[in-house]
Amino acid sequence: MAEISEIDALQIGSHTFRSRLMTGTGKYPSMEVARGALRASGSEVVTVAVRRVDLSDSDEESILGMLQQEGRIILPNTAGCYTAEDAVRTARLAREILDTPLIKLEVIGDTQTLFPDIPATLEAAATLVSEGFTVLPYFTDDPVSAKRLEELGCAAVMPLAAPIGSGLGIQNPRNIEIIVQKAKVPVIVDAGVGTASDAALAMELGVDGVLMNTAIAGAKDPVRMATAMRLAIQAGRDAFLAGRIPRKLYASASSPIEGVIGSKFEP
Amino acid sequence: MAEISEIDALQIGSHTFRSRLMTGTGKYPSMEVARGALRASGSEVVTVAVRRVDLSDSDEESILGMLQQEGRIILPNTAGCYTAEDAVRTARLAREILDTPLIKLEVIGDTQTLFPDIPATLEAAATLVSEGFTVLPYFTDDPVSAKRLEELGCAAVMPLAAPIGSGLGIQNPRNIEIIVQKAKVPVIVDAGVGTASDAALAMELGVDGVLMNTAIAGAKDPVRMATAMRLAIQAGRDAFLAGRIPRKLYASASSPIEGVIGSKFEP
Amino acid sequence: MAEISEIDALQIGSHTFRSRLMTGTGKYPSMEVARGALRASGSEVVTVAVRRVDLSDSDEESILGMLQQEGRIILPNTAGCYTAEDAVRTARLAREILDTPLIKLEVIGDTQTLFPDIPATLEAAATLVSEGFTVLPYFTDDPVSAKRLEELGCAAVMPLAAPIGSGLGIQNPRNIEIIVQKAKVPVIVDAGVGTASDAALAMELGVDGVLMNTAIAGAKDPVRMATAMRLAIQAGRDAFLAGRIPRKLYASASSPIEGVIGSKFEP
Amino acid sequence: MAEISEIDALQIGSHTFRSRLMTGTGKYPSMEVARGALRASGSEVVTVAVRRVDLSDSDEESILGMLQQEGRIILPNTAGCYTAEDAVRTARLAREILDTPLIKLEVIGDTQTLFPDIPATLEAAATLVSEGFTVLPYFTDDPVSAKRLEELGCAAVMPLAAPIGSGLGIQNPRNIEIIVQKAKVPVIVDAGVGTASDAALAMELGVDGVLMNTAIAGAKDPVRMATAMRLAIQAGRDAFLAGRIPRKLYASASSPIEGVIGSKFEP
Amino acid sequence: MRVLLNGEVHEIAQQTTVEELLCSLHLERTPVAVERNTKIIPRAKYSTAVLQPDDEVEIVHFVGGG
Amino acid sequence: MRVLLNGEVHEIAQQTTVEELLCSLHLERTPVAVERNTKIIPRAKYSTAVLQPDDEVEIVHFVGGG
Amino acid sequence: MRVLLNGEVHEIAQQTTVEELLCSLHLERTPVAVERNTKIIPRAKYSTAVLQPDDEVEIVHFVGGG
Amino acid sequence: MRVLLNGEVHEIAQQTTVEELLCSLHLERTPVAVERNTKIIPRAKYSTAVLQPDDEVEIVHFVGGG
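Residues numbered from 1 in each chain as written. Chains lettered and ligands numbered in written order. Predicted model: local features only at pLDDT ≥ 70, side-chain atom pairs only at ≥ 80, totals over all residues. Heavy atoms only, no water.

How should the relation of the copies chain A and chain B be read in this particular structure?
Least-squares fitting of chain A to chain B yields an RMSD of 0.0 Å, with the transformation described by 0.0 Å of translation along the axis and a rotation of 180 degrees. Those values place the two copies in the arrangement expected of a two-fold rotation axis. Most of the interface of chain A is mirrored in chain B, where 99% of its interface residues are also at the interface. (Least-squares fit on C-alpha atoms with pLDDT ≥ 70 in both. Contact = heavy atoms within 4.5 Å.)

How do you make sense of the packing of aromatic side chains when you look at a structure like this?
Here a ring pair, both rings aromatic, is described through the centre-centre distance and the interplanar angle of the planes. Under the defined criterion, the tally for this structure stands at zero aromatic pairs over all chains. Looking at Arg95 of chain A, its charged tip hangs above the ring of Phe133 of chain A, at a distance of 3.8 Å from the centre. (Phe/Tyr/Trp six-rings, centres within 6.5 Å; stacked < 30°, edge-to-face > 60°. Lys NZ or Arg CZ within 6 Å of the ring centre and 35° of its normal.)

Would you mind going over the interface of chain D and chain C with me for this structure?
When the parts come together, some accessible area is lost, and that loss is often what is quoted as the size of the interface. On the chain C side, the residues contacting the 77 residues of chain D number 78 residues. Of the roughly 6,300 Å² buried where chain D meets chain C, counting both sides, 59% is carbon and sulfur surface. Contact with chain C buries area across many residues of chain D, yet Arg224, Ile245 and Ile261 of chain D alone supply 12% of it, more than any other trio. Two residues, Arg224 of chain C and Asp238 of chain D, come together in a salt bridge whose shortest N-O distance is 2.8 Å. Viewed at the interface, chain C and chain D are joined by 32 residue pairs in polar contact (both at pLDDT 80 or more). Among the elements of the structure, strand 4 (45–52), helix 3 (84–98), helix 7 (196–204), helix 8 (214–217) and helix 9 (222–242) of chain D are those that each provide at least two residues to the side of chain D that touches chain C. Counting residues per element, the side of chain D that touches chain C draws most heavily on helix 9 of chain D, at 15 residues. (Buried area = accessible area lost by both parts, 1.4 Å probe. Salt bridge = Lys/Arg side-chain N within 4 Å of Asp/Glu carboxyl O. Polar contact = N/O pair within 3.5 Å; in protein donor to acceptor, adjacent residues only side chain to side chain. Helix = DSSP H or I, 4+ residues; strand = E, 2+ residues; numbered from the N terminus.)

Looking at this structure, I do not really get the relation of the copies chain D and chain C. What am I missing?
The operation relating the two chain copies consists of a rotation about an axis and a shift along that axis. After a rotation of 180 degrees and a shift along the axis of 0.0 Å, chain D superposes on chain C with an RMSD of 0.0 Å. Comparing interface residues between copies, 100% of those in chain D also sit at the interface in chain C, which points to an isologous, same-surface contact.

Please explain the pairing of strand 6 (residues 102–105) of chain C as it appears in this structure.
Successive residues of a regular strand alternate their side chains across the two faces of the sheet. All names here are of chain C. Both faces of strand 6 are covered, namely the face carrying Leu102 and Lys104 and the face carrying Ile103 and Leu105. Across four bridges, the pairing between strand 6 and strand 7 (residues 134–139) is parallel. Paired with Ile103 across the two strands is Val135, which belongs to strand 7. Running through helix 4 (residues 118–130), the crossover from strand 6 to the neighbouring parallel element strand 7 is right-handed. (Buried < 20%, exposed > 50% of the residue type's maximum accessible area, 1.4 Å probe, protein only. Pairing = 2+ DSSP bridges. Right-handed = clockwise from strand over helix to strand, strands pointing away.)

Quick question: what am I supposed to make of helix 3 (residues 84–98) of chain A here?
Note that an α-helix has 3.6 residues per turn; residues three or four places apart therefore point the same way. All names here are of chain A. A rise of 1.5 Å per residue sets the reference length of helix 3, with its 15 residues, at 21 Å; its end C-alpha atoms lie 21 Å apart and thus fit the reference within 8%. Burial in helix 3 covers these residues: Ala84, Asp86, Ala87, Val88, Arg89, Thr90, Ala91, Leu93, Ala94 and Ile97. Just downstream of helix 3 lies Asp99, where phi reads positive at about 55 degrees. (Expected span 1.5 Å × (residues − 1).)

Honestly, unusual backbone geometry in this entry has me stumped. Any pointers?
All names here are of chain H. Although it is not a glycine, Gln15 sits at a positive phi angle of roughly 70 degrees. Take Gln15: its relative accessible area is 56%, and that puts it in the exposed class. Its identity is not glycine, yet His26 carries a phi of approximately 60 degrees, on the positive side. Following the sequence through the fold, His26 ends up in the loop between helix 1 (18–24) and strand 3 (33–36). Assessed through its relative accessible area of 59%, His26 is described here as exposed.

How do you make sense of helix 6 (residues 173–182) of chain A when you look at a structure like this?
By the burial criterion, the buried members of helix 6 of chain A are Asn175, Ile176, Ile178, Ile179, Val180 and Lys182 of chain A. Residues of helix 6 of chain A that are buried make contact with strand 7 (134–139), helix 5 (143–152), strand 8 (158–159) and strand 9 (188–190) of chain A.

Sorry, what's going on with the pattern of salt bridges here?
Within this structure, the stated rule accounts for 76 salt bridges over all chains. Residues Asp8 of chain B and Arg237 of chain B are paired through a salt bridge, measuring 2.5 Å at the closest nitrogen-oxygen approach. Taken together, the positions of Asp8 of chain B in the segment before strand 1 (10–12) and Arg237 of chain B in helix 9 (residues 222–242) put the pair 229 residues apart, joining distant regions of the chain. Both residues of the pair, Asp8 of chain B and Arg237 of chain B, belong to the buried class. In this structure, the salt-bridge partner of Lys147 of chain D is Glu150 of chain D, at a minimum N-O distance of 3.1 Å. Of this pair, Lys147 of chain D and Glu150 of chain D are both found in helix 5 (residues 143–151), three residues apart, which corresponds to roughly one turn of the helix. When its relative accessible area of 13% is taken as the criterion, Glu150 of chain D is described as buried. Members of the salt-bridge network, linked through shared partners, are Glu32, Arg35, Arg39, Glu70 and Arg72 of chain A.

Nothing here speaks to function; it is all geometry.
Structure follows, in structure tokens:
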């Protein structure tokens, strides 16, 4: 059956996507599971990290090769960088490898929470935008930072739902809602999603997409969880567009109140 | 693409279902919207109410005809009944119309909450089981009542998520979880779901299905919301089967910690 | 300082109470800790269980003696009863010991959840009311059962917040709110409170009191937790009576917007 | 009765406080209500804004006079400032008025959310610390920013619970918990509290205090709400120190399981 | 004679069968169920079941509901 | 003769009254209630109520509980 | 001469000191702080600090706020 | 001569170009990027860029990450 949601595209920079699920490629038990999960997810944008080549192991399997075989858009990231300078260097290296302007900017501020360093993220974003990158910055769920990143020229903003890999789901839905209401660029929730209902809820708040890694790669059955996430993202998007019923404290009958047997005629 | 979830069937009484979404037929703006939403939902089991024929309007459109054209299983309900006696009478009338043993038992205890009358529900369930009905009782999220209904021979138990038509979602997930853990018959969440993430969350708690009406029929775009619900139910089911990651307070990096540029060799 | 809340009394049956905190007496590490916690709690109504005298230990310390020394109202309970018959027998025995009409009615339906058996609770309540007892029934958070118990003549209704001893807090605040809105007798939340904010929240929903045991007796420092609970109950009551501010998605400055330095005159 | 909590003091800069509730002075219907609420709250630290003298009204009532009569510690704030420069200027003016080093630093980033501008807050904090101020900065609930502010030499950190004046309560308790676990200076929740249970919950997360304004000043009965908040802060603090019971899904009886009537001897 | 039909008083001929009643209401081909004085009349007996004065008759069908 | 006392078999003398039983158990001053064969024996009848063979007797008191 | 006082244009005499300005505004005993051209004028200098044409003067005090 | 390659000391011949280095590491066909002393060496210059003693060289590629 044709999905209604297939005609509702997401635009980021010069790219147009049908899928609103973006996925990471870390932590998979094997390349084959990663490939299977990728297919099941339907994700078109896939993020990868930049790391030193392991000079002692020339037979390393190439994640890039697999992703290109599968025809996905590569979104390099600056994961692991703790300064604006390192993040900018890493972004430039990523562009050199693949000649893509896309960069998921992460400047981490703390090893335990992996929360971003906000001033350093703003600084790096400014530099990268000026160098022509299409910048997708990871940051907290702070509406003011969202607006600053947008003003700096970022192509999208990527607030976290909860700490990376924590699986806690959307910790502060109202902040996400505010960010969505005030944003003129796409809002992609990045990090913290744990299960399908978290992803659906994010979409129902009106965000444009969700990026996740551990929730899929760390599930007992990553391929099945990837299917779940694909469906949940579509479900949440459709529910958002369909316009949900209002919440009420009391009940409202779904069957007619009149015409029940045994009731007397009341003229 | 073939859905993994399609091979995971739900068994109730003598019936086997691929879809875990059951839908109501009330409150639709028109028969055509009801039909469109039904198709979009993929629901195989559809509930209808029993009411007096309107003798002044012989041209009433027939909901039954539409549902039979669409090839759905009819699940008559006793909505609107406030006593065990009326519910039993209504169930017998429903069986007479269609020669089906299926009955969604509702004995309402209060007009404002439409919460069930628990003792009357137990009484009616006992009678209907003894008369050969396949009884699916609507009740509160009380684990003790769930066990009693199961012991009486009900084919499934249908705890409410929230008041009928309220759209509040699962108000007490822990009670639902306990009911699931202790049940030997299918558990179908009935009433109170408001949007797609509510449905996904219900499935992630391990329930076997969800029955809803107002969430779809009352949405601004019922057909699109029906799609959302179909996807959400599958998403939640797949996530439940896939085995989600544990929740943690702190972060866990999804990119490798080693091999970041600029790091020094530490022998 | 005089507490404003001290003039806001709770009436149950023929009794008038200043304190809205009722406490249990089980699970204390020693009689002295129980006494200290009782004093710190300020609780005027204290519940006790009815059990066989241990014939092999004639030196059992007497909980009753301690409570009477402390001048508290004794509220015997039927904890541990699984049938209406046993509960009624236990209530009669309790009345025989102390010549009090007060009885906290519990008819348990399940050993793991300790949730009540609703039909048996209703049956026992009817019998006990007809025998002149002042019945305070423990039950689920079901508004329909609340109304039935009230109609049977119970002096108060005691919905659970969460399973006994679970410490989960109010699992379904909306059900409690509905019960409060529809009740004509006092509503006392019984069971499931874990910490002070749970107790305050219960009172803010408009309930007339809270009964707890494990939250105090099981804390690392029961006496300090008893103080916390006394304060929390008063805090929640005062907040309820004071009329809280409405919730808003956006901010509202608490300092004046005008008169900030550096702003220009705008005629 | 003596409060156990009275011996548990809060140290900020060179000051020692018995009360862990700090209050604002804006939005009161009258000076007399403000005074009554202040007394009922027991707050020792009270924040005030710096604004231009209204030259057309020489009879303005003096908030400072009232606060000094009541013997409170004045905590000037920089509310209304949108740049680091304005906040620093305002802080210097505040110090000139009262010769106090205390300053509640606010650099607002957005008129609708009144969320802080994080980089500007860090910049202003650095300047003010270097000028000898005792800086208490208002910021988001971001653990990385909390650490930076602490490293800059702030005397305490003041994460928001929710937007100023929103009354939403703690939107992200886990972030607050993380901030508390990692902080070496006092953590004061500032902004967003709506009612007593919110305040108690904040304290149970381990924060050292709560600052609020609208929740009290905007209540229907501000004086009573001030009492509620005083009690709630103490309740939450005592509950935190007392060590709450763990949360469990299932029940745990508070009355003895053995010795119930009617049970048979089992050798 | 008078019967109470779906809560309202109706005037019908003596000796009217259920089948005749349904035909007169144009319901002979509609899936309905019929109850007389709280007892169901099975479809097989429509042609033989003769209504009596003051019978309380319910004719029901399925409607949209949840 | 034998009685079942709080679920256990006890051997007591014939014609023992409830009062005598309570005294023998040192419970004469303890606030208890007594039930025989599921019927309560009021305090006023302790001196006259004579136990019978195979009586099921419950002697209960208050204990800490919630 | 003209100065900008709390954002509004005021006409004052040449050679007016801050102290004189405060007196003329009846603020000599009110706890305020004074800033001229974004620099604070300490209380000790009120009697000697002479305002200049086009000075931007801010006179602030504490108000209720949160 | 010595260079620091991906954080470790390596001994290579004088006058080695980046291209020669990549070949010796069997990376000539792998999609990598090369940085010398924090400056990127574009692919077009691999054959002409000659490494100097104590150069700090980073050779990076894409790995799985999130």
